[in-house]
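One-letter residues, chain by chain:
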Amino acid sequence: MKVHDILIVGAGLAGMRAAIAAHSHLAHLDIALLSKVHPVRSHSVAAQGGINAALGENDSWEAHAFDTTKGGLYLGDQDAIEAMCREASGDILDLERMGVIFSRDEKGRIAQRPFGGAGFPRTCYAADRTGHAILHAMYEQLLKRRIFVYEEWYVTSLIVEEGVCRGVVAWDLLHGGLHAIGAKAVILATGGSGRVFLTSTNAVINTGDGMALAYQAGAPLEDMEFVQFHPTTLKDTGILITEGARGEGGYLLNTLGERFMKTYAPEQMELATRSTVSLAIGQEILEGRGVDGCVLLDLRHLGRARILERLPQIRELSVEFAGVDPIESPIPVRPGAHYQMGGVRTNQWGETELPGLYAAGECACVSVHGANRLGGNSLLETIVFGRRAGRRAAEYAAAKVPRALSDATLRTEETRIRTLMGNKGPERAWQIREELGKIMSLNLGIFRTQKSMTEAGEKVRELKARASHVWLHDRGKIFNTDLIQALELQALLEIAETILAGALAREESRGAHYRSDFPRRDDANWLKHTLAYRTTEGASLKYAPVTITRFQPK
Ligand SMILES: Cc1cc2nc3c(=O)[nH]c(=O)nc-3n(C[C@H](O)[C@H](O)[C@H](O)COP(=O)(O)OP(=O)(O)OC[C@H]3O[C@@H](n4cnc5c(N)ncnc54)[C@H](O)[C@@H]3O)c2cc1C
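Here is a short report on the structure shown in this document. What you see is a predicted model; the values in this text were computed from it and never measured.

## Description of the environment of Leu253
Part 1 of the argument: Assignment of secondary structure puts Leu253 in strand β12 (residues 251-253).
Part 2 of the argument: For Leu253 and Arg550, which are 297 residues apart along the polypeptide, the C-alpha to C-alpha distance reads 38 Å.
Part 3 of the argument: Filtering out sequence-adjacent residues up to four positions away, Leu253 remains in contact with Glu258, Arg259, Phe260, Val295, Leu296 and Asp298.

## A word on empty space enclosed by the protein
Part 1 of the argument: Here the structure, examined in full by the defined rule, presents three cavities of 30 Å³ or more.
Part 2 of the argument: Space inside the largest cavity adds up to approximately 80 Å³.
Part 3 of the argument: Taken together, Tyr154, Val155, Thr156, Asp209, Ala212, Leu213, Gln216, Arg416, Leu487, Gln490 and Ala491 form the lining of the largest cavity.
Part 4 of the argument: Elements with a minimum of two residues in the lining of the largest cavity: β7 (153-161), α5 (209-216) and α15 (481-505).
Part 5 of the argument: Take the lining of the largest cavity: its biggest share by element is four residues, from α5.
Part 6 of the argument: In the lining of the largest cavity, the residues fall into six nonpolar, three polar and two charged.
Part 7 of the argument: Approximately 70 Å³ is the volume attributed to the second largest cavity.
Part 8 of the argument: Looking at the second largest cavity, the residues that line it are Gln228, Phe229, Ser275, Ser278, Leu279, Ile446, Gly511, Ala512 and Tyr514.
Part 9 of the argument: Counting only elements with at least two residues in the lining of the second largest cavity, the list comes to β11 (227-234) and α8 (274-286).
Part 10 of the argument: Here the lining of the second largest cavity gets three residues from one element, more than from any other, and that element is α8.

The rules we used
- Residues numbered from 1 in each chain as written.
- Predicted model: local features only at pLDDT ≥ 70, side-chain atom pairs only at ≥ 80, totals over all residues.
- Heavy atoms only, no water.
- Helix = DSSP H or I, 4+ residues; strand = E, 2+ residues; numbered from the N terminus.
- Contact = heavy atoms within 4.5 Å.
- 1 Å grid on protein atoms, 1.4 Å probe; cavity = no way out; pocket = protein on both sides within 12 Å on 5 of 7 lines; lining within 4 Å.
- Points joined across faces, edges and corners; volume = space filled by probe spheres on them.
- Nonpolar A, V, L, I, M, F, W, Y, C, P; charged D, E, K, R; others polar.

Structure follows, in structure tokens:
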């Protein structure tokens, strides 16, 4: 069996940053990454609008911390928020030294654009392809350090012995077959779970696997009911139209041609927080002022030159996927699932409740985003907390003596896969996945009620039972994507269960969690984190206090 000092599951920004940090800290360690897709196909590559840091002379990390706390409706842990905002500018400069080509202002400094909920233009960007620019620079750093990558391997389970995480069991997609891989420290950097919903900006690979792995291993998932719906996703496909489009000055219009945000957020208008803008759009559509299930994002007044310079990808996506050229016509947009604020509960150093297991990036909940994430803060989170988790895991691994592993988990997983392969069906995994997406989008979207969620809960339990019988068309070993989809489906269902449990219990509205039957925020009873633990009967909930340092809830 192969054994490493550190194994990082996930090769998006959080995973790569963790690997580089661990290597820079203790170069003698044996560090490996593992990813179900080639590293630069990770969803981080799709990030458009930018990454936040208080670089401006009149800006400060404290102001960034305040905006983040307030934007998250005071549910974020302020010690973690402070760490992220304080370290942001150093991390941006490190990225630049690694070779990230940020867009520039007229003076040649790193340019910054305004983003929703921010009191200052503090989002650094590379046109509207920021994730692409950072991920590729990071990959070069990985190659330079000769860090080994298990490319196209899929983790099916964590290995936990005597209450300590000691490695993973993973399926080699290219050759087929399960392998146990030992590690003194495992870092989960597996990204989001947006595909629980049908309308989502997320890549099809964002199925919440890492969160499900931790949940199954006994670590709690935190604040899973807080799913961000991005206000502007393209009609039909749900492709993201970056907030940068509004940051550059784009307007939102209803069917009467009104800039309706003046009713909902007269000061911030289109740059109010995402939860506010999504709710406003939902309300306009609900009250019949939408256009074909959407509202319109108008960029025409920005002019051709600016659109081509600052938002080239947005123009291309609109032309290709909606047949609309934003230089000439407004873009039809509607809210779609975008980001999981919750995730595997960690402290500021990425440590989970399970010794030996760390988590960073979107799959983790540190928690810096609280009830609503500000645009540009997620890329920042992957970099700051990826780096911190890498460093802490390196110290932990360096102090650990290696030990022999039993093959019990490997055997259990072999049985699980054999059973799946032998299923008679007749349903296919994609059918259940689509049903799940529909029910979650319909019943747990921007508006939620006890009735809608109870219905969804019953359906999800039924789907869970059906999912264990799905029929695999492909029973071979080589590149069996059918098998991977069946495994991903099981993860999606676990995630749906935790979102549902948290959302049903939380009888208030806060940020992205809006309950029509409890429309007010209730700090007296609900200013607390939800923790979901897995039991055979479903998610069991506990609650934990929010860390408040300098900003009292208002
Ligand atoms: C379209 C879009 C645009 C965005 N734009 C912005 C933006 O402008 N600014 C911003 O701050 N945020 C943005 N976000 C959010 C941000 O991009 C993500 O939250 C962040 O990039 C996630 O990074 P990550 O490293 O945590 O995970 P990812 O980049 O998603 O990587 C996850 C990795 O885990 C691996 N993996 C998952 N499961 C398994 C498994 N079972 N076995 C093996 N490997 C596995 C995958 O292969 C992948 O390598 C955007 C998100 C989307 C979807």
